[in-house]
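Fold and contact review
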Amino acid sequence: MAPFYADLHLHSHYAYATSKYSDLFHLTLWGARKGLGVIGSGDFTHPQWRETLKTELDEGPDGLFIPNPALTTAVQLQLEGAMQGAPIPHYLLTVELSTIFKQDGQTRRVHHLVGVPHWQAADRLITQLTKWGNLASDGRPTLSCSARDLLEMVLHSDDQAFLIPAHIWTPWYAMLGSKSGFDSVSACYGDLSPHIFALETGLSSTPGLNRLLSQLDAYQLVSHSDAHSPNRLGREATLYGTPRSYTAMLQALKTGQGLLGTVEFIPDRGKYHLDGHRLCNFSSTPQQTQKLEGTCPKCHKPLTIGVCHRIHQLADRTEPADHTKPFWPSLSLLEILSQIEGVSTQSKRVNTRYAQALQELGPELPLLRDLAISEIQQKGWPELARAIEAVRLQHLVTNSGFDGTYGSVMINLSF
């Protein structure tokens, strides 16, 4: 039973601010290129995307869905060389839902990742959600119900449906973000909080940072890309050592058995890693923010408190817990090639080199994490081998993101 990577949080082109290429063909193709075994469907509550999913995906093994023969053939025709025979990803029905509600006199905004095992459960959930928001307005619809009541609707849709709090530290739209008003899972989900068993850590943190909080010891920590375009798939992913089935994945999410680790976005690059004020192009560490009393020194408005600061506000440990599962901070292959070539990830040269690398070396995630450096060199990619080795060893120079602005990472090859 070979381990596989899964990326369950992504969006179709019906979600706000997404690529027009976020259709099933390109999502499936990029999922194969990345080496993903399972990807989320995204946006299954949107009526037009739901129709697409029902048309182009067939029911597969134990709660997963597989691209129909026409879609599978179209994708396979794009896979050459070492990519021939690469697994075509299966799909798990998922959607990100946004809730905005008042609790204890304060407006709360929390995002949630929801998964269901079949269309009957999806349809039951959709019937309930239509009472709380316009599902056709956005692939990630906004609902006026509380987080607790959303969880209740998910649980009533099917006994195998699940809800994972999404990117839990994002300041504005997350369970433990600095603007949420919640300091714990139970404060957010109330009496139904025992039904939460996994948390999505988000781009600006790692499992190690999350394990500074003993209150999170009871939860499995997972990572997903929240991709708004197909080439962003797999920038975060979770590695499963289970059969490729809904039941097996759900059991791993509940117990941790079969969860082997996570691929992580370099957290400093995340849009909310440090505190700051984007309009003034000002960022600060938690220590600097405390000295400034939370105020931007340029405009004297409140700073947005970032993920690093917020985690340390709630932390009750100085070192991560011993049971932290392995995690691998990484850059994408496009980003690595961009730094080697000295041009944008969008350039023709980088994308040509990317296609060549996959043809000669195989899917991206196994290449970045597993393939021997010596083998990459022997196959005629010495510069790439050196850069991948530097990333694996975390020889990186970072400029941290803040207040909605991505940070930057440069590979340091002088080791």
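The residue numbering used here restarts from 1 in each chain and proceeds along that chain's sequence as written. Local features in this predicted model are restricted to residues whose pLDDT is 70 or higher, and side-chain atom pairs enter the listing and the counts only when it is 80 or higher, whereas totals over whole chains, interfaces and linings include all residues. Side-chain metrics rest on all non-hydrogen atoms present in the structure, leaving aside hydrogens and water.

1. A few points about the overall build of the protein chain
What counts as a helix is a DSSP run of H or I of at least four residues, what counts as a strand is a run of E of at least two, and both are numbered from the N terminus. Of regular secondary structure, the protein chain possesses 15 helices and 17 strands. Note that the radius of gyration is over C-alpha atoms, with the globule rule given as 2.2 Å times the number of residues to the power 0.38. Relative to the globule expectation of 22 Å for 415 residues, the C-alpha radius of gyration of the protein chain, 21 Å, shows essentially globular dimensions. Dimensions along the principal axes, computed over C-alpha positions, put the protein chain at roughly 60 × 55 × 40 Å. Under the scheme applied here, a residue whose accessible area is under 20% of the maximum for its type counts as buried, over 50% as exposed, and between as partly exposed, the area being computed with a 1.4 Å probe on protein chains only. The 415 residues of the protein chain split such that 57% are buried. The contact criterion used is simple: two residues touch if any of their non-hydrogen atoms lie within 4.5 Å. Excluding contacts between residues fewer than 6 apart, the proportion of contacts in the protein chain whose partners are at least 24 apart in sequence is 69%. Only the protein chains shown count as cover for residues, with accessible areas throughout obtained via the Shrake-Rupley method and a probe of 1.4 Å. With an accessible surface of roughly 16900 Å², the protein chain has 49% of that area assigned to carbon and sulfur atoms. Charge assignment in this entry is limited to Lys and Arg as positive and Asp and Glu as negative, and neither His nor the chain termini are counted. Every charge is mapped onto a representative atom, which is NZ of Lys, CZ of Arg, CG of Asp or CD of Glu. Counting 34 positive and 39 negative side-chain charges, the protein chain places the averaged centre of each group 5 Å from the other.

2. Some remarks on the nonpolar core
Side-chain atoms within 4.5 Å link the members of a nonpolar core, which is a set of buried Ala, Val, Leu, Ile, Met, Phe, Trp, Tyr and Cys residues. Counting 97 residues, the largest nonpolar core has Phe 44 and Tyr 189 as its most contacted members. Beyond its immediate sequence surroundings of up to four residues, Phe 44 is in contact with Trp 49, Arg 50, Leu 53, Leu 93, Thr 94, Val 95, Val 114, Val 116, Trp 119, Ala 122, Leu 125 and Ile 126. If you look at the next biggest cluster of nonpolar residues, it comprises 19 residues, including Leu 64, Leu 113, Phe 162 and Leu 259.

3. Side note on the packing of aromatic side chains
Centres within 6.5 Å are what make two rings of Phe, Tyr or Trp a pair, Trp counting through its six-membered ring; a difference in plane orientation under 30 degrees is then read as stacked, over 60 as edge-to-face, and the rest as tilted. Evaluated as defined, the whole model comprises 7 aromatic pairs. Ring centres of Phe 65 and Trp 119 lie 6.2 Å apart, and the angle between their planes is 65 degrees; this geometry places the pair in the edge-to-face category. Within this pair, whereas Phe 65 is found in strand E4 (residues 65–67), its partner Trp 119 is found in helix H4 (residues 119–129), the two being separated by 54 residues in sequence. No difference in accessibility class separates Phe 65 from Trp 119, as the two residues are buried. Between Phe 162 and Tyr 246, the ring centres sit 6.1 Å apart and the planes meet at 40 degrees, which makes this aromatic pair tilted. One end of the pair, Phe 162, is in strand E8 (residues 162–165); the other, Tyr 246, is in helix H8 (residues 246–255), with 84 residues separating them in the sequence. Given a relative accessible area of 1%, Tyr 246 falls into the buried group. Note on criteria: charge over ring means Lys NZ or Arg CZ within 6 Å of the ring centre, with the direction from the centre no more than 35 degrees off the ring normal. The ring of Phe 265 carries the charged tip of Arg 235 above its face, separated from the ring centre by 5.6 Å.

4. Observations regarding the side chain of Arg 211
In this fold, Arg 211 is placed in the loop between helix H7 (207–210) and strand E10 (220–222). The working definition used for a salt bridge is a side-chain nitrogen of Lys or Arg within 4 Å of a carboxyl oxygen of Asp or Glu. No salt bridge is formed by the buried Arg 211; its nearest oppositely charged neighbour, Asp 217, is found at 4.4 Å. The residues touching Arg 211, leaving out its near neighbours within four places in the chain, are Leu 216, Asp 217, Tyr 219, Gln 220, Leu 221, Arg 317, Glu 319, Pro 320, Ala 321, His 323 and Thr 324.

5. A look at the pairing of strand E12 (residues 259–265)
For E12, the tally of buried residues reaches 6 of 7 residues, placing the bulk of the element in the interior. Pairing between strands is defined by DSSP: at least two bridges between them are needed. Note: strand E11 (residues 237–240) against E12, 4 bridges, orientation antiparallel. For Leu 239, the partnering residue across the bridge sits in E12 and is Gly 261. Two elements, E12 and strand E15 (residues 327–330), share 4 bridges in a ladder whose sense is parallel. Among the inter-strand pairings, Phe 265 is bridged to a residue of E15, identified as Ser 330.

6. So, the pattern of salt bridges
According to the stated counting rule, one finds 15 salt bridges in the structure shown. For Glu 96, the salt bridge is made with Arg 140, and the minimal N-O distance between the two is 3.9 Å. Placement of Glu 96 in strand E5 (residues 90–103) and of Arg 140 in the loop between H4 and strand E7 (142–143) is noted, with a sequence separation of 44 residues between them. On the basis of relative accessible area, Glu 96 is assigned to the buried category, the value being 1%. Arg 317 serves as the salt-bridge partner of Asp 217, at 2.5 Å between the closest nitrogen and oxygen. Here the residue Asp 217 occupies a position in the loop between H7 and E10, and Arg 317 occupies one in the loop between helix H10 (307–314) and E15, the gap between them amounting to 100 residues. Taking the relative accessible area as the measure of exposure, Asp 217 reaches 28% and is therefore partly exposed. Judged by its relative accessible area of 25%, Arg 317 is partly exposed. One salt-bridge network, held together by shared partners, links Arg 148, Asp 149, Glu 152 and Asp 191.

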